[in-house]
Each structure stands twice: as structure tokens, then as C-alpha cells.
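Reading the structure
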Amino acid sequence: MNEYIPVFVLGAVAVAFALVSVVIAAVIGPKRYNRAKLDAYECGIEPTAQPMGAGRYPVKFYLTAMLFIIFDIEIVFLYPWAVHFDALGVFGLLAMMMFIVSAAVAYAYEWRRGGLSWD
């Protein structure tokens with residue numbers, strides 16, 4: 001159990017830092033509010049009231065976010081392989097080559113389908 005004490009201490013320090021930062025910002029932060037500060041930021045365009053369900057986002061935004069998450073997670077799998085590259089031998093090299101090829105095929109498929117073009 002003594003091996004985990006530094007992990008618990010680091011977690012406690014992180015939580016304490018977050019809580020203290022929020023409290024200090026609320027206490028010493030500026031308190032002058034006006035209508036412009038309280039309005040939603042809309043890239044300089046005045047927001048207009050819309051009926052329920054009318055202001056929908058295009059699906060392209062969600063597809064781009066999902067593609068980023070998927071390819072980001074795939075690339076994260078390269079880090080353990082890079083750390084233990086010498087210990088894995090030829091089997092590890094072949095497995096990682098198959099993984100990279102499958103990621104490249106998925107990337108090429110999305111590129112060909114137009115999922116990466118921003119219209």
C-alpha cells in the first residue's frame with residue numbers, strides 16, 4: 001500500500017488545486033457584469049430567437065469530431081509499441097504494421113468518401 005501513497009497525494013493535490021482555483025477566481029474576480037458579457041458569443045453576429053428544434057447543426061460537425069476521436073485513439077495505440085519496440089521482436093513489428101495498414105485503409109476510405117472535406 002505504501003507504493004500508492006504518492007498517487008493518492010498527487011490526486012489530492014490536483015483536486016485541492018482545482019477547488020482553490022475556482023474559489024479564488026470567484027472571490028477576487030471582477031464583479032462588473034453587463035448585458036454584452038452575459039450574452040452568448042456568436043462570432044459577432046447578434047443571436048436571434050429561434051423556435052424549438054429550428055437551430056440544428058449540420059451533421060458534418062459531428063462526423064468530423066467523431067473521425068478525430070477515432071483516429072486519435074488509434075494513434076495512441078502506437079505509444080506502447082514505441083516504448084517496448086525492442087522487446088516485441090518481429091511479431092510486434094508485423095502486428096503494428098497490420099494495425100497501421102488498417103488505420104491507413106480507414107483513413108483513405110474516409111478521404112475518398114469526402115468525410116475530410118469541409119464544405
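Note that residues are indexed from 1 along each chain, following the sequence as it is written. Totals for whole chains, interfaces and linings use all residues, but because this is a predicted model, local features are given only for residues with pLDDT of at least 70 and pairs of side-chain atoms are given and counted only at 80 or more. Side-chain metrics in this entry use all non-hydrogen atoms of the structure; hydrogen atoms and water are not considered.

It is worth spelling out the overall build of the chain at this point. Numbering goes from the N terminus for both helices and strands, where a helix is a DSSP run of H or I of at least four residues and a strand is a run of E of at least two. The helix and strand tally for the chain stands at 5 helices and 0 strands. Starting at the N terminus and walking to the C terminus, you meet the elements of the chain as α-α-α-α-α. Looking at the chain as a whole, 7% of its 119 residues qualify as buried. Carbon and sulfur atoms form 72% of the exposed surface of the chain, whose accessible area is close to 11100 Å². A simple rule labels every residue: compare its accessible area, found with a 1.4 Å probe on the protein chains alone, to the largest value its type can have, and call it buried under 20%, exposed over 50%, or partly exposed in between. Surface accessibility in these figures is a Shrake-Rupley result with a 1.4 Å probe; residues are shielded only by whichever protein chains are displayed.

Bringing the UniProt feature "transmembrane region" (unreviewed entry) in the chain into the picture now. UniProt positions are given in the numbering used here, feature names are shortened, and annotations may be inferred rather than shown by experiment. According to UniProt, the "transmembrane region" (unreviewed entry) feature falls on residues 6–28, 61–82 and 88–109. Secondary structure within residues 6–28 divides into 100% helix and 0% strand; the distance between the first and last C-alpha atoms comes to 32 Å. With 95% helix and 0% strand, residues 61–82 has its two end C-alpha atoms placed 32 Å apart.

Quick look at the packing of aromatic side chains now. Each pair of aromatic rings taken from Phe, Tyr and Trp, with Trp reduced to its six-membered ring, is defined by centres within 6.5 Å and is described as stacked if the planes are under 30 degrees apart, edge-to-face if over 60, and tilted in the remaining cases. Scanning the entire structure with this criterion turns up 3 aromatic pairs. Each residue in the set Phe71, Tyr107 and Trp111 is aromatic and connected to the rest through ring pairs, giving one cluster.

Each patch is built from salt-bridge-free residues with over 30% relative accessible area, joining like charges within 9 Å and nonpolar side chains (Val, Leu, Ile, Met, Phe, Trp, Tyr) within 5 Å. Salt bridge, as applied in this entry: a Lys or Arg side-chain nitrogen positioned within 4 Å of an Asp or Glu carboxyl oxygen. On the surface, Met66, Phe68, Ile69, Ile70, Ile73 and Phe77 cluster together into a nonpolar patch covering about 610 Å² of accessible area. Positionally, Phe77 belongs in the loop between α3 (59–76) and α4 (78–83).

Let's shift gears to the environment of Ala103. On the secondary structure map, Ala103 appears in helix α5 (residues 85–113). Note: C-alpha distance between Ala103 and Ile75 (28 residues apart in sequence) is 8.5 Å. The residues touching Ala103, leaving out its near neighbours within four places in the chain, are Phe71 and Glu74. Contacts between residues were defined by any pair of non-hydrogen atoms, one from each residue, lying within 4.5 Å.

This part covers the packing of α3 against α5. Here the axes come from fitting lines to C-alpha atoms, over the contacting stretch only for helices, and the angles between their N-to-C directions go from 0 to 180 degrees. Put simply, α3 and α5 touch, their axes get as near as 11 Å, and they point 165 degrees apart. When the axis of α3 is compared with that of α5, the two are roughly antiparallel. Seen from above, α3 lies across α5 with left-handed handedness. Contact with α3, carried on its side by Leu67, Phe71 and Glu74, involves Phe99, Ala103, Ala106, Tyr107 and Glu110 of α5 and no other residues of that element. When the residues that make up the contact of α3 with α5 are grouped by side-chain class, the tally is 6 nonpolar, no polar and 2 charged. The cut-offs work like this: below 35 degrees is roughly parallel, past 145 is roughly antiparallel, 65 to 115 is roughly perpendicular, and the gaps in between are oblique. Each helix crossing is assigned a hand: it is left-handed if the near helix lies turned anticlockwise from the far helix by less than a right angle, otherwise right-handed if that turn is clockwise. Each residue is assigned to one class: nonpolar for Ala, Val, Leu, Ile, Met, Phe, Trp, Tyr, Cys and Pro, charged for Asp, Glu, Lys and Arg, and polar for all the others, Gly among them.

In this section: α3. For a helix, the expected span equals 1.5 Å multiplied by the number of residues minus one. Taking 1.5 Å of rise per residue, 18 residues should cover 26 Å, and α3 covers 26 Å from first to last C-alpha, within 8% of that figure. Burial in α3 covers these residues: Leu67, Phe71 and Glu74. What you see down the axis of α3 is that its buried residues fit within an arc of 55 degrees, all on one side. Summarising the contacts, the buried residues of α3 are in contact with α4 and α5. This arc is built from the directions going out from the helix axis to the C-beta atoms.

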